[in-house]
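Each chain is listed here by its residues.
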Amino acid sequence: MIAVVDYGMGNIASLVNMFRRLTVPTVVAATPKAMVGASGLVIPGVGAFDAGIREVHTRGFADAIKGAVYDDRIPVLGICLGMQLLLEGSEEGVSSGLGIVPGVARRFPAQDRTAGRLRVPHVGWAELTPVAGGSERSDLAAALLPREGDARRFYFVHSYYADCANAEHVLATAEHGVSFAAAIGTKNVIGTQFHPEKSLGAGMALLARFAGVCLERESSRGLSW
Amino acid sequence: MVIPRVIPCVLIKNGDACKTVKFREPTYVGDPVNIVRIFSEKEVDELAILDISASREGRPPDLRQLERLAGECFMPASYGGGITTREQARTILRSGFEKVIINTASVLTHSLIHELASEFGSQSVVCAVDVGRDIFGKERATILSGTRATRDTPEKRAEAGVAQGAGEVLLTSIGRDGCLCGYDLELIARVASAVNVPVIANGGARGVEDFAAAASAGASACAGGAMFVFHGRHRAVLITAPSRNDLVATLQGHRQANIVMPIEHAAANS
């Protein structure tokens, strides 16, 4: 059973629809109690950083998410704002993030690398470039990132991107005037800047692989983080 | 090289999908749920669903229908038409739409775009600029499905929407709507120069060559209506959308749509 954290922000409906099409049992967790016993966690999110982290704290999810990451050690997938909340903070706001992945979210510059105007937010489809060696960093990274021959176009809609303090945490990049982290992660935590629930077949395949890892880990308990 | 997003528009009037010409003479096209499903199967980049009579008739969005439509979309979708409150926007976004498209209400209530962007983020709010002519024949941003001209030029309206926090501009030429005569490239260039957010061109699209032209003029995305939905023989309705391969083949070699070259570079390269 995969729990989708509902802290009031984000496209829960599309995630649930996609998991339903994949026949993956899912629960929308509006409270930390509803997350108990989940084999995996998805943290969606669209909107402003400060508002997001405030809602996460108000609803008691901060400790619950950390418990899932460090104690239960289940796979955790953060999407878009959900990914950025895993960081230490964001240029968008003043609040601290969950601090699970070192680094901060930064705003796209006004100009690209050729000094031309860069339009922000970045809205649209972009190709993922896996970082060399990224898939070796954890079973989660290896399982989720597209492999040779897989569709790798995903949908992005964001003004901020993750700037990881540790380069090893960047698993894949994409381009929007500059190169930025499209997928980040460490051990049992992975974050995607793009929206798999809105990325058609490529997104559905990624969510299917995530569900597969959660199921495998639940039954075998033998995966390494 | 970035190929502009291609965004079919599904126009809805009284719950039915329809086509228009210059925002008038709506002709019935079918059940919106079927049409959205077909576009989803064709894997289009994005979908825009527009209720073309809600604001004019003072009706709120049909939230139940929207929830059903959102359930058919595994690609991004935006909705516009008759949104006047934060609560409606919240319900629409929560039911599976990425963005809400705002025009009339933000002109009549100057703070609406700002309110929505503050709560849901700029990337969730699109400022729609419907370009028509006032009684003096001057190009103006209009509201209420093109039936009332404001005093703003299209650029001024777009700038105002973006200043309030809109993350994109949906720029529609009413005069070219449904006429399959090509985009108004000069209008696109003017508005795209005026703002730093993505501009979606709309009105007049015939095919991939028009997308390339719009992108050269500064559009980041290309919307269309009539080119995707047309009537065949015996009143049969055909939904068509160019495949990604068609787009790539035709637009290969065309410069990036998301980035505007500084004038000096453009002059040097021309």
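Residues numbered from 1 in each chain as written. Chains lettered and ligands numbered in written order. Predicted model: local features only at pLDDT ≥ 70, side-chain atom pairs only at ≥ 80, totals over all residues. Heavy atoms only, no water.

Caption draft 1: Expanded view of the packing of aromatic side chains. Residues and elements named next belong to chain A. With the rule as written, the count across this model stands at nine aromatic pairs over all chains. With a centroid separation of 5.6 Å and an interplanar angle of 85°, the aromatic rings of Phe156 and Phe180 are classed as edge-to-face. Linking Phe156 in strand E10 (residues 153-158) with Phe180 in strand E13 (residues 178-186), this pair joins segments that are 24 residues apart in sequence. In this structure Phe156 comes out as buried when scored by relative accessible area, which is 0%. A relative accessible area of 2% means that Phe180 is categorised as buried. (Phe/Tyr/Trp six-rings, centres within 6.5 Å; stacked < 30°, edge-to-face > 60°. Helix = DSSP H or I, 4+ residues; strand = E, 2+ residues; numbered from the N terminus. Buried < 20%, exposed > 50% of the residue type's maximum accessible area, 1.4 Å probe, protein only.)

Caption draft 2: Molecular detail of the packing of helix H1 (residues 12-21) of chain A against helix H6 (residues 200-220) of chain A. All names here are of chain A. Close contact between H1 and H6 brings their axes to 10 Å; oriented N to C, the two are set at 75°. Accordingly, the angle class assigned to the pair H1 and H6 is roughly perpendicular. Seen from H1, the contacting residues are Leu15, Met18, Phe19 and Arg21; seen from H6, they are Leu200, Gly203, Met204 and Leu207. Considered class by class, the residues forming the contact of H1 with H6 number six nonpolar, one polar and one charged. (Axes fitted to C-alpha atoms, helices over the stretch in contact; angles between N-to-C directions. Parallel < 35°, antiparallel > 145°, perpendicular 65-115°, else oblique. Contact = heavy atoms within 4.5 Å. Nonpolar A, V, L, I, M, F, W, Y, C, P; charged D, E, K, R; others polar.)

Caption draft 3: The arrangement of the state of the cysteines in detail. All names here are of chain B. For the structure on display, the rule yields one disulfide over all chains. A sulfur-sulfur distance of 2.3 Å marks the disulfide that ties Cys179 to Cys181. In this structure Cys181 comes out as partly exposed when scored by relative accessible area, which is 35%. In this structure Cys9 is not part of a disulfide, and its nearest cysteine sulfur, from Cys222, lies 11 Å away. The structure places no disulfide on Cys73, whose sulfur is separated from the nearest cysteine sulfur, that of Cys9, by 13 Å. Its relative accessible area of 1% is what places Cys73 among the buried residues. (Disulfide = S-S within 2.5 Å.)

Caption draft 4: Structural context of the pairing of strand E1 (residues 5-13) of chain B. Residues and elements named next belong to chain B. Taken across its nine residues, E1 has eight buried, putting it largely inside the fold. Here E1 pairs with strand E4 (residues 47-51) via four bridges, running parallel. Within E4, the residue paired with Ile12 across the bridge is Asp51. Pairing between E1 and strand E2 (residues 16-21): three bridges, direction antiparallel. Residue pairing across strands places Leu11 opposite Cys18, the latter belonging to E2. (Pairing = 2+ DSSP bridges.)

Caption draft 5: Region of interest: the environment of Tyr70 of chain A. In this fold, Tyr70 of chain A is placed in helix H3 (residues 61-72). When sequence neighbours within four positions are dropped, the list of residues in contact with Tyr70 of chain A reads Gly99 and Ile100 of chain A.

Caption draft 6: Highlighting the pattern of salt bridges. One pass over the structure, following the stated rule, counts 25 salt bridges over all chains. The partner of Asp163 of chain A in a salt bridge is Arg106 of chain A, and the shortest N-O contact between them spans 2.7 Å. With Asp163 of chain A in strand E11 (residues 160-164) and Arg106 of chain A in strand E6 (residues 103-107), this residue pair connects regions lying 57 residues apart in the sequence. Among the residues examined, Arg106 of chain A registers a relative accessible area of 30% and is labelled partly exposed. Close ionic contact of Lys156 of chain B with Asp152 of chain B constitutes a salt bridge, the shortest N to O distance being 3.3 Å. You can call Lys156 of chain B partly exposed: its relative accessible area is 48%. Assessed through its relative accessible area of 19%, Asp152 of chain B is described here as buried. Within the structure, one salt-bridge network assembled from shared partners comprises Arg5, Glu46, Lys99 and Glu168 of chain B. (Salt bridge = Lys/Arg side-chain N within 4 Å of Asp/Glu carboxyl O.)

Caption draft 7: How the structure looks around the interface of chain B and chain A. In this complex, chain B contributes 42 residues to the contact, which on the side of chain A involves 34 residues. The junction of chain B with chain A conceals about 3000 Å² of combined surface from both sides, 51% of it contributed by carbon and sulfur atoms. At the junction of chain B with chain A, the criterion picks out three salt bridges. One salt bridge connects Lys198 of chain A with Glu98 of chain B, and the closest N-O pair in it is separated by 3.4 Å. Here chain B and chain A share 19 residue pairs in polar contact (both at pLDDT 80 or more) between them. Listed by contribution, the elements that provide at least two residues to the side of chain B that touches chain A are helix H2 (63-71), helix H3 (86-94), helix H7 (185-194) and strand E15 (259-260) of chain B. In the side of chain B that touches chain A, the residues fall into 18 nonpolar, 14 polar and 10 charged. (Buried area = accessible area lost by both parts, 1.4 Å probe. Polar contact = N/O pair within 3.5 Å; in protein donor to acceptor, adjacent residues only side chain to side chain.)

Caption draft 8: The environment of Ser199 of chain A, seen in detail. Relative to the assigned elements, Ser199 of chain A resides in the loop between strand E14 (189-192) and H6. Take Ser199 of chain A: its relative accessible area is 1%, and that puts it in the buried class. Sequence-wise, Ser199 of chain A and Gly82 of chain A are 117 residues apart; in three dimensions their C-alpha atoms are separated by 17 Å. When residues no more than four places from it in sequence are discounted, the contact partners of Ser199 of chain A are Trp125, Arg153, Phe154 and Tyr155 of chain A together with Phe74 of chain B.

Caption draft 9: Highlighting the side chain of Thr104 of chain B. Mapped onto the secondary structure, Thr104 of chain B falls in helix H4 (residues 104-108). Separated by 2.8 Å, the side chain of Thr104 of chain B and the backbone nitrogen of Leu144 of chain B make a polar contact.

Caption draft 10: Here's a closer look at the pairing of strand E7 (residues 125-133) of chain B. Residues and elements named next belong to chain B. Across the nine residues that make up E7, a large majority, eight, are buried. Alignment of strand E6 (residues 99-102) against E7, held across three bridges, turns out to be parallel. By the bridge assignment, Ile101 is partnered in E7 with Val126. The pairing of E7 with strand E10 (residues 168-173) spans six bridges and is classified as parallel. Residue pairing in the sheet places Val126 in a bridge with Glu168 of E10. Both E7 and strand E8 (residues 139-143) contribute to a ladder of four bridges, which runs antiparallel.

Caption draft 11: Representation of the confidence of the model for chain A in the model. Looking at chain A, pLDDT values average 92 and 98% of them are 70 or higher. Put simply, helix H5 (residues 139-144) of chain A is where chain A has its lowest mean pLDDT, 82, and strand E3 (residues 40-43) of chain A is where it has its highest, 98. (pLDDT = per-residue confidence, 0-100.)

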